[in-house]
Amino acid sequence: MLRQQWYQKMAVSIVTRLAANACLLILTLIFHHSNANNIAAAASTADAPNRRFEYKYSFKGPHLSQADGNIPFWVHSGNAIPSADQVRITPSLRSQKGSVWTKTAVNFDNWEAEVTFRVSGRGRMGADGLAIWFTSAQGLDGPVYGAADNWNGIGIFFDSFDNDGKKNNPAVLVVGNNGKLVYDHPNDGTTQALGTCLRDFRNKPYPVRAKITYYKRTLIVLINNGFTPDKDDYEFCTKVDNMVIPQEGYFGISAATGGLAGGYLDDHDVLSFLTFRLSEPGQELPPPEAEMPKQDKDKYQEEFENFQQDLDKKKEDYQKEHPDIQGQPIEDMYESVNDREIRQVFEGQNRIHLEIKQLHHQLAVILDEQRRYVSVATDEISKRQGESGGQVGQAPSQEMGAVVATQQEVLRNLNELRNSFYESLKQIGASQHQGNAVGMGTYETVQHFNDIKEHLHVVKRNIEHLITRNGNPSEKQVMNCPDPPPMPSCLGTTHFLVFVVIQSVLFFSYIMYKSQQEAAAKKFF
């Protein structure tokens, strides 16, 4: 009994000691883990550089450009088109080049640039691409994405055209140059790239963002693919260590479209370019006021005050001229890029709808005239067949029968044209009622115009055949045409053919002219 009690006491003491050791071990692990997290957080906070926004090397909407079309502190060249909310570096036209560059050189060693852009086109692949630069001199024009070759600095290229045929585009490349290298266009710069990644940046639902960080001779490129509206959803693209670039340089953006067909071209739009100065933790940056001379500061302050006074005066005048919009914010009156594009698409569709309506009405008038001419020709044939029953009138009767058959064929082609117009009107009306006719109505309307052109070619060919056959002098010598009846008389065959030819040529020319105008206008949508 005593031994059993002693064993129980020993077991209880062992269990208690084990529990105490376990609790001590758990507390020790928790303490070490919390210390490790605190140390890691402190280290990451200590390693993060300080950021300061530099407005002289940045631009952003909604009031991006001034009244004279220039961008403050930036210069644009080539085919670049600044607007209130973006800069279109190149439109989707053949052999276009454009660029924007900072007016003054960057005088800090470490920096970070956040670029928001949109590359959009109707083709399956685009040409040529867009480039972000930091170089010792402004490359306002040249063969490398619209900028100069043999640059001294670095270029981040968003290449959208596959020159080498290896199916490795669209791609992002980091290419450095000391001013002596010539860019390797045939190989898409892959032989000179310091870093690269495959990213599709064309035709995304949201703008694409690129964050380029140069800190302690290390270049890091992060990409936001534009699938979500989250501005901070970046993915790692590439990293280049021991990257040496000029101490002073200019930021720039350039783009080019190349010389391919129109369906392979892109619009290159830059929405914002934000530059930040990076400094090591603990390093005190001079205030922005100390970096600007007092004379320049007073000059800019005076210009700003004058501009502000003019703006307030224009606002007051506008409010007096438009009393119905009192109290409404001025900013709400401006439309966004998407709203403007949708409005332009619907306006273009409305114009097409009205033009096709007018053509449908004119075609109905032509059909009525054609039916009347066929009926008159048929009556004339029956009348002449009754009057002349011999061999002399047989050839003219056969010829008139051929003319009537041809006229009936022309009438059938015109009916097909009318049906095609009616189908076009139905398609455009349905797309406008559905409300999502941004991409549907345009393609189908173009297809209907192509059908119309084919039908007009058939009509023109038949009429030319009639003219050739009626204008043959040998046949005129064989046939003895009857004398024309005294005035007033019905319309003759020659006058009728001339009338039909003139109307068909005018109609065909009008259709071709309108289709070319619509195709040229759609390139800017």
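Residues numbered from 1 in each chain as written. Predicted model: local features only at pLDDT ≥ 70, side-chain atom pairs only at ≥ 80, totals over all residues. Heavy atoms only, no water.

As annotated in an unreviewed UniProt entry, the protein is Protein ERGIC-53 isoform X1 from Salmo salar.

A. Geometry of the overall build of the protein. Helix and strand counts for the protein stand at eight helices and 15 strands. Buried positions account for 38% of the 525 residues belonging to the protein. Contacts in the protein between residues far apart in sequence, at least 24 positions, make up 70% of those at least 6 positions apart. Surface accessibility of the protein: about 30,800 Å² in total, with carbon and sulfur atoms responsible for 56%. (Helix = DSSP H or I, 4+ residues; strand = E, 2+ residues; numbered from the N terminus. Buried < 20%, exposed > 50% of the residue type's maximum accessible area, 1.4 Å probe, protein only. Contact = heavy atoms within 4.5 Å. Areas by Shrake-Rupley, 256 points an atom, 1.4 Å probe, with all protein chains shown as cover.)

B. Fine view of unusual backbone geometry. The omega torsion of the bond from Gly61 to Pro62 falls at 10°, within 30 degrees of zero and hence cis. Here Pro62 shows up in the loop between strand 1 (50-60) and strand 2 (74-78). Residue Pro170 follows Asn169 across a cis peptide bond; omega there is 0°. A positive phi angle is found at Asn150, which is not glycine, with a value near 55°. In this structure, Asn150 sits in the loop between strand 7 (129-135) and strand 8 (152-159). At Asn203, a position not held by glycine, the phi torsion is positive, near 55°. When you line up the elements, Asn203 lands in the loop between strand 10 (193-197) and strand 11 (208-215).

C. Main features of the sheet that holds strand 14 (residues 250-256). The strand order 2-5-14-7-8-9-10 describes an open sheet built from seven strands, whose pairing is antiparallel. Across the chains shown, the open sheet's two edge strands, defined by having one partner strand only, are strand 2 and strand 10. Adjacent strand axes in the sheet meet at a mean angle of 15° when their direction is disregarded. (Pairing = 2+ DSSP bridges. Axes fitted to C-alpha atoms, helices over the stretch in contact; angles between N-to-C directions.)

D. Quick peek at the confidence of the model for the protein. Looking at the protein as a whole, the pLDDT averages 76, with 67% of positions reaching at least 70. Throughout residues 436-443 the model reports pLDDT below 50, and contacts reaching past four residues in sequence, or to other chains, amount to 12 contacts. (pLDDT = per-residue confidence, 0-100.)

E. Main features of a negative patch on the surface. Together, Asp310, Asp312, Glu316, Asp317 and Glu321 make up a region of like negative charge exposed at the surface. Locating Asp310 in the fold gives a position in helix 3 (residues 294-321). (Patch = residues over 30% accessible without salt bridge, like charges linked within 9 Å, V, L, I, M, F, W, Y side chains within 5 Å. Salt bridge = Lys/Arg side-chain N within 4 Å of Asp/Glu carboxyl O. Lys, Arg positive; Asp, Glu negative; His and termini not counted. Charge placed at Lys NZ, Arg CZ, Asp CG, Glu CD.)

F. Up close: the packing of aromatic side chains. Taken as a whole and judged by the stated rule, the model has 21 aromatic pairs. These aromatic residues form a ring-pair network of at least three members: Phe59, Trp74, Trp111, Phe134, Tyr214, Phe251 and Phe273. Between Arg51 and the ring centre of Phe276, over which it is positioned, the NZ or CZ distance is 3.9 Å. (Phe/Tyr/Trp six-rings, centres within 6.5 Å; stacked < 30°, edge-to-face > 60°. Lys NZ or Arg CZ within 6 Å of the ring centre and 35° of its normal.)

G. Fine view of the state of the cysteines. In this structure the tally under the stated criterion is one disulfide. Between the sulfur of Cys197 and that of Cys237 lies a disulfide, 1.9 Å long from S to S. Because the torsion about its S-S bond is -90°, the bridge between Cys197 and Cys237 counts as left-handed. Taken as a pair, Cys197 in strand 10 and Cys237 in strand 13 (residues 235-240) lie far apart in primary sequence, 40 residues in all. Take Cys197 and Cys237: they sit in the same class, and that class is buried. (Disulfide = S-S within 2.5 Å.)

H. View of a nonpolar patch on the surface. On the surface, Val498, Ile502 and Leu506 cluster together to form a nonpolar patch covering roughly 280 Å² of accessible area. Relative to the elements of secondary structure, Ile502 occurs in helix 8 (residues 493-522). The class of Ile502 is partly exposed, set by a relative accessible area of 46%.

I. Layout of the side chain of Thr102. The topology assignment puts Thr102 in strand 5 (residues 97-102). Here Thr102 is in contact with Tyr57, Phe73, Trp74, Gln138, Tyr250 and Phe251, once residues within four sequence places are set aside.

J. Up close: the environment of Val374. Inspection of the secondary structure puts Val374 in helix 4 (residues 337-387). Along the sequence, Val374 and Leu411 sit 37 residues apart, while their C-alpha atoms lie 8.8 Å from each other.

K. Molecular detail of the environment of Lys514. With respect to the element layout, Lys514 can be found in helix 8. Under the relative-accessibility criterion, Lys514 is labelled buried at 17%. With 162 residues separating them along the chain, Lys514 and Ile352 place their C-alpha atoms 9.1 Å apart.

L. Just the pairing of strand 5, in detail. Most of strand 5 sits inside the fold, with five of its six residues counted as buried. Both strand 2 and strand 5 contribute to a ladder of five bridges, which runs antiparallel. By the bridge assignment for strand 5, Gly78 is matched with Gly98. Sheet analysis places strand 5 next to strand 14, joined by five bridges and oriented antiparallel. Pairing of Lys97 across the sheet is with Ala256, part of strand 14.

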